[in-house]
Amino acid sequence: MFGNTSGSRINFHYLKLLVCLVFGIGFMATSYAIVSAEEAKAEYNSDQIEGLALLNEIRAKVGVPLVQLDPNITRAAILHATYYNMNGENPSIYAHDEIEGKPGFHGKTILDRMRAAGWQDPKYGYAYGEVMHFNSKSTADAIKSWLNTAYHRAILLSPDFDVVGIGLVDGTTVLDFGNAENDHKTRNGIVVYPYDDMRDAPVGFYGLEIPNPLDRFSAKFSGGIISVITEDPMINHSVKITDELGNSVPFYEEEQGGKELFFYPKSVLKGHSTYTVTFQYQLENYQSKTKVWSFTTGAGTALKKISFSSTELVVAEGDELPFQILGAFSDGTTSALTEGIDLKYTDGIKISSDVIKGVKPGIWEIGVTKDNITYKQNVKVIPKINYDTSENLNASTDLSDISNHWASQSILWAIQSGIASGYNDHTFRPDANISEAEFLAMLLRMFQVNISTNDSQHWADVAYRISNDRNYPLLGITNIPLRETKISRLQVAELIAAIDGYNYKDNYAVWYIMAKGYSKGKIGYSVEGYKALDLLTRAEAIQFLQNIKPLLKELKYRPNQPTPLTMLPQWPEDKNQLISDKMMISKFNSDHSLDIEGLFAGHKNETLTISVQTGGSSPKQIEDVNVQIDSNGHFQIHAGVYQQQSLNIYLRANEAVYWISVDVNSEKRSKY
């Protein structure tokens, strides 16, 4: 979160190419004069006049003071656009700065250039700002683009400005803002956009701003941005957005400096639809206010393609599979389709709400139609597993070769759990290499699957049939003699990844199981230390299964297509390397208790406060927890229980508030 301080500035940038710098505040005692509208017509070109007219039309509708063209600020804007073009700059934070010695240099900062061009600071303080747009056809087009962003819009509609300079040079548009007076009032003390009764409001925002405001929400797009600016700082607020049927619209929320709020609907808005915003807020003087307004969107996006969220739909007989129908739209976005859908499917499956239930093993078809577009996809129903645990294994623990073995306790665990058994000669042979069939049998028994059979070609036929149904990578599925081949550690890694629902091969499978904590390696905690080409002994197999039993809960289907490498889990780092000078680790446990650990080297031996609030975009306070930072800057607390499914956590320090969010049964790490 950024804030305004005397003489400071806040930078925001827009790629497409918009770049902006939010105003700074300072104090100097000088006089100032502005140019009248009549003088402007004589001094400025048609592009500048038309741009000013559009800007003031919007400012009038939202209720902020109109701006007038200033010849000195305009000179600064034109010269900076020229500098940018001459030096081949790129849209970035540095587009606002000039480097002394380069062609066209007129001042490093915005304020330097405005002053060098002849702008004089007003008597009791100044405000200034800049936005840039690239490949512009006109200033009016640039303004329309800026209004569809968050931070640029905030500058264009800021009540702190009453003068502007406009420069369009070879496609680069620069607007520099300043103030001639110091007491600017907004109509009703609040500015909203889209404004009340606005027509043709944008339906979507696609992240074309630097920094991209959607990055903090891990979102690629949102509905058209709704923004609020208040004249005085707010101490709390609440907002509700509804569509024309009264349905609530979920959204992300961002606050800037206590006076600016941005709301990003989580889905692109519907075209030609009316939305209503109810905004309640309380100012620092504890005065409570409510603002209710409506706007109507312009043309919406058109559905171009239908698909399912997964390219493979596989469900076990009697089980249910959650699924989502996705629509690809003309604006390049993809989102879930929930209304106006016609579903048709064959008898081997049933569909209710958003789940597919497997009724009969086989391949069955689902057809989806919306807006005259039809998409069909097959669903595979695999036979259910027999979880009857009455398989008769030799449970004797009177074995002659395990008493002094390193894995003796694990072997006893496996025998007593019905996972493995010894031989008739009272040996276990822990150091003998294990076959593929033996390991598979142990693995399935760990899941309490009965693999016994009285009518088969091979004792492990049932195990291999189950594996074939689930597309597991085993040599013995198609070649029975290979079932007795000794299994390598690499084959085990690929099989474990498969039962977890991933199709990884070679070192990617090793990476996956080690990053997930299913193995710690053979000679070291690394891909190399896993020793993928080594064969697996019976004792190592038991140890492997004992490690993964608490972590793997079901036998999933392995997809036919290789899993994208982007889905590989992050490799766990050493804890001491994970924690930087400013970092928090938050773990929201399955019992809804909360563990927080952190390192803040700048706050050694201090007591700070952590605010625990409800999750989501409109958090509410739950409680404050004091934390004692030790002499190394480290702290660790255990708190809760909390009934929520997600939490926002704020560590409050003098210089900043450090935020982290976490969902139940998960862990988050943040460096600052």
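Here's what I pulled together on the structure shown here. Every chain begins its residue count from 1, and numbering advances along the sequence as written. pLDDT decides what is reported in this predicted model: residues at 70 or higher carry local features, side-chain atom pairs at 80 or more are listed and counted, and totals for whole chains, interfaces and linings draw on all residues regardless. No hydrogens and no water enter the side-chain calculation; it runs on all heavy atoms of the structure.

Focus on the environment of Q636
- The numbering of helices and of strands both runs from the N terminus, where a helix is a DSSP run of H or I of at least 4 residues and a strand a run of E of at least 2. Relative to the helices and strands, Q636 resides in strand β31 (residues 634-639).
- When accessible area is computed with a 1.4 Å probe and restricted to protein chains, residues below 20% of their type maximum are described as buried, those above 50% as exposed, and intermediate ones as partly exposed. Assessed through its relative accessible area of 56%, Q636 is described here as exposed.
- Sequence separation between Q636 and H272 is 364 residues, and the spatial gap between their C-alpha atoms is 52 Å.
- Each residue touching Q636, except ones within four places of it in the same chain, is listed here: I596 and E597. Any two residues whose heavy atoms approach within 4.5 Å are treated as being in contact.

Describing the environment of L337
- Within the fold, L337 resides in the loop between β21 (334-336) and β22 (342-345).
- Judged by relative accessible area, which is 9%, L337 ranks as buried.
- Spatially, the C-alpha atom of L337 lies 33 Å from that of W659, the residues being 322 residues apart in sequence.
- Excluding residues within four positions of it along the chain, L337 makes contact with L303, I306, I325, L326, G327, F329 and K370.

Notes on the sheet that holds strand β19 (residues 320-322)
- With antiparallel pairing, three strands are arranged side by side in an open sheet as β19-β24-β23. Each of the sheet's edge strands pairs with one partner strand only, and the pair in question is β19 and β23 (349-352). Neighbouring strand axes in the sheet, compared pairwise and without regard to direction, differ in orientation by 25° on average.
- Paired strands are those between which DSSP finds at least two bridges. Examined bridge by bridge, β23 and strand β24 (residues 355-358) share four bridges and lie antiparallel to one another. Within β24, the position partnered with S352 by the bridge is V355. The axes used here are C-alpha line fits, helices contributing only the stretch in contact, and every angle between their N-to-C directions lies in the interval 0 to 180 degrees.

What about the nonpolar core?
- To define a nonpolar core, start from buried Ala, Val, Leu, Ile, Met, Phe, Trp, Tyr and Cys residues and group those joined through side-chain atoms within 4.5 Å. Of all hydrophobic cores here, the largest spans 60 residues; its most connected members are F439, L443, I496, I499, I513, Y530 and I548.
- When contributions to this core are tallied by element, the ones reaching two or more residues are α7 (408-416), α8 (436-446), α9 (461-469), α10 (489-499), α11 (506-515) and α12 (538-548).
- Among residues more than four places away in sequence, those in contact with L443 are L495, I496, I499, L545 and I548.
- Grouped together as the second largest cluster of nonpolar side chains are 50 residues, Y44, I155, I226 and L269 included.

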